[in-house]
Amino acid sequence: MKTTQLTHLAAVLSTLLVSTTLAAPAPQASLAEALAASGLEGLQITVNVAPAAPAAAAANVQAAGLADQVFALTSNNLVNAVPEQVTAAEAPFTPTGGLAGALGTFNFGINSATETICWNITLTNFQGEFASPALTATHIHEAALGASGPPRIAFPNPVPVPGAEGVMNSVGCQTGPFTTGIVVDGADTGAGFSVAAIEADPAAFFADVHSSLALPGAVRGQLA
Ligand SMILES: *[C@@H]1O[C@H](CO)[C@@H](O)[C@H](O)[C@H]1NC(C)=O
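Note that the coordinates shown come from a computational prediction; the quantities given were computed from them, not determined experimentally.

Summarise the packing of aromatic side chains; cite the residues concerned and give the values.
Each aromatic ring pair is characterised by the separation of its centres together with the angle its planes make. This structure, assessed with the given rule, holds six aromatic pairs. Among the aromatic side chains, those forming a connected cluster through ring pairs are Phe 106, Phe 108, Trp 119 and Phe 155. Here the guanidinium or amino end of Arg 220 rests over the ring plane of Phe 206, the centre of that ring lying 3.5 Å away.

See below:
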């Protein structure tokens, strides 16, 4: 290779380095054109891709942090709901016996950073119709064991699982603000509710499902 060609190549490369530094990604077409123009199109050149600019790198770190929050749960709660835990809605909260023979498994996953709650609710031997003055008949209520209190979150009612007789299921995630459809003192009982309250004191909450055959509740289970 002649000295003039090498000088030309050095000039082309320095131009490329400058343009690569200023604007990513490296303009591949310009590289080919520049080499063709310089008569060096047969040459093998490896151009190292410049590392991401600091601002872009910071954005990636932020995005990774957000992904950690979005895909991480901050707590789990598995509740076995039984008829025996159901009480009357009004004091003195006498046990009603619920819907005999029915059982519920309420599996919750909470991400308090994103105000999200995910659920996998399975009911077996539920009878009657889902019945509640709330938006749905499947809830987390706020009250201690043996007492009753307002619903804070309403979940889609379970639906029959094909091929599994007597089994119903509801799976999903929802993100606040929450609405239950029950209004007390002019405000929805879900308004302003934060799932962090469940994490702070799970025993202050219970999950239940209401049936036309057991209006106060078919099955109920205290969170822990
Ligand atoms: C929900 O729970 C049921 C019963 O434990 C399980 O068979 C099913 O795979 C779960 N579904 C999801 C989506 O996790």
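Read on for the rest.
I'd like a rundown of the pattern of salt bridges, residues and numbers included.
As enumerated under the stated definition, the model contains one salt bridge in all. Two residues, Arg 152 and Glu 142, come together in a salt bridge whose shortest N-O distance is 2.8 Å. Note that Arg 152 is positioned in strand β5 (residues 151-155) and Glu 142 in strand β4 (residues 138-142), a separation of ten residues in sequence. Judged by its relative accessible area of 30%, Glu 142 is partly exposed.

Break down the site of the ligand for me, citing the residues and quoting the values.
Around the ligand, the structure places Asn 120, Thr 122 and Val 171. Isolated, the ligand exposes 360 Å² of accessible area, and the fraction of that covered by the protein chains is 27%.

If you had to explain the environment of Ala 137 to someone new, which residues and values would you point to?
One can find Ala 137 in the loop between β3 (116-124) and β4. Sequence spacing of Ala 137 and His 210 is 73 residues, and the spatial spacing of their C-alpha atoms is 5.2 Å. The residues touching Ala 137, leaving out its near neighbours within four places in the chain, are Phe 130, Ala 131, Ser 132, Asn 157, Asp 208, Val 209 and His 210.

Describe the pairing of β3, with residues and values.
Summarising the sheet, strand β2 (residues 103-111) and β3 pair through nine bridges and their orientation is antiparallel. Its bridge partner lying in β3, Asn 107 is registered against Asn 120. Two strands pair when backbone bridges link them, and β3 and strand β7 (residues 167-175) are joined in this way by nine bridges, in the antiparallel orientation. In the strand pairing of β7, Asn 120 is matched with Val 171.

Which residues make up the sheet that holds strand β1 (residues 75-81), and what values go with them?
Here we have five strands laid out as an open sheet, ordered β1-β2-β3-β7-β6, and antiparallel in their pairing. The open sheet is flanked by β1 and β6 (159-160), the only strands paired with a single partner. Where β6 lies against β7, two bridges are found, and the strand directions are antiparallel. Bridge pairing links Pro 160 to Met 168 in β7.

Pulling in residues and values, what's your account of the state of the cysteines?
When the sulfur atoms of two cysteines share a covalent bond, that bond is a disulfide. All chains considered together, the criterion is met by one disulfide. Disulfide partner of Cys 118: Cys 173, at an S-S distance of 2.0 Å. The sign of the 105° torsion about the S-S bond sets the Cys 118-Cys 173 disulfide as right-handed. Of the two residues, Cys 118 sits in strand β3 while Cys 173 sits in strand β7, which places them 55 residues apart along the sequence.

Lay out the nonpolar core in plain terms, naming residues and giving numbers.
If you look at the biggest cluster of nonpolar residues, it comprises 28 residues, and the most contacted ones within it are Phe 108, Ile 117, Ile 153, Phe 155 and Ile 198. The set of elements that each furnish at least two residues to this core consists of β1, β2, β3, β5, β10 (205-211) and β11 (214-222). Apart from the residues lying within four places of it in its own chain, the contact partners of Ile 153 are Ile 117, Thr 138, His 139, Ile 140, Gln 174, Phe 178, Thr 180, Phe 193, Val 195 and Ile 198.

About the criteria used
- Residues numbered from 1 in each chain as written.
- Predicted model: local features only at pLDDT ≥ 70, side-chain atom pairs only at ≥ 80, totals over all residues.
- Heavy atoms only, no water.
- Phe/Tyr/Trp six-rings, centres within 6.5 Å; stacked < 30°, edge-to-face > 60°.
- Lys NZ or Arg CZ within 6 Å of the ring centre and 35° of its normal.
- Salt bridge = Lys/Arg side-chain N within 4 Å of Asp/Glu carboxyl O.
- Helix = DSSP H or I, 4+ residues; strand = E, 2+ residues; numbered from the N terminus.
- Buried < 20%, exposed > 50% of the residue type's maximum accessible area, 1.4 Å probe, protein only.
- Near = heavy atom within 4 Å.
- Areas by Shrake-Rupley, 256 points an atom, 1.4 Å probe, with all protein chains shown as cover.
- Contact = heavy atoms within 4.5 Å.
- Pairing = 2+ DSSP bridges.
- Disulfide = S-S within 2.5 Å.
- Core = buried A, V, L, I, M, F, W, Y, C linked by side-chain atoms within 4.5 Å.

Bear in mind that shape data such as this cannot, by itself, settle questions of function.
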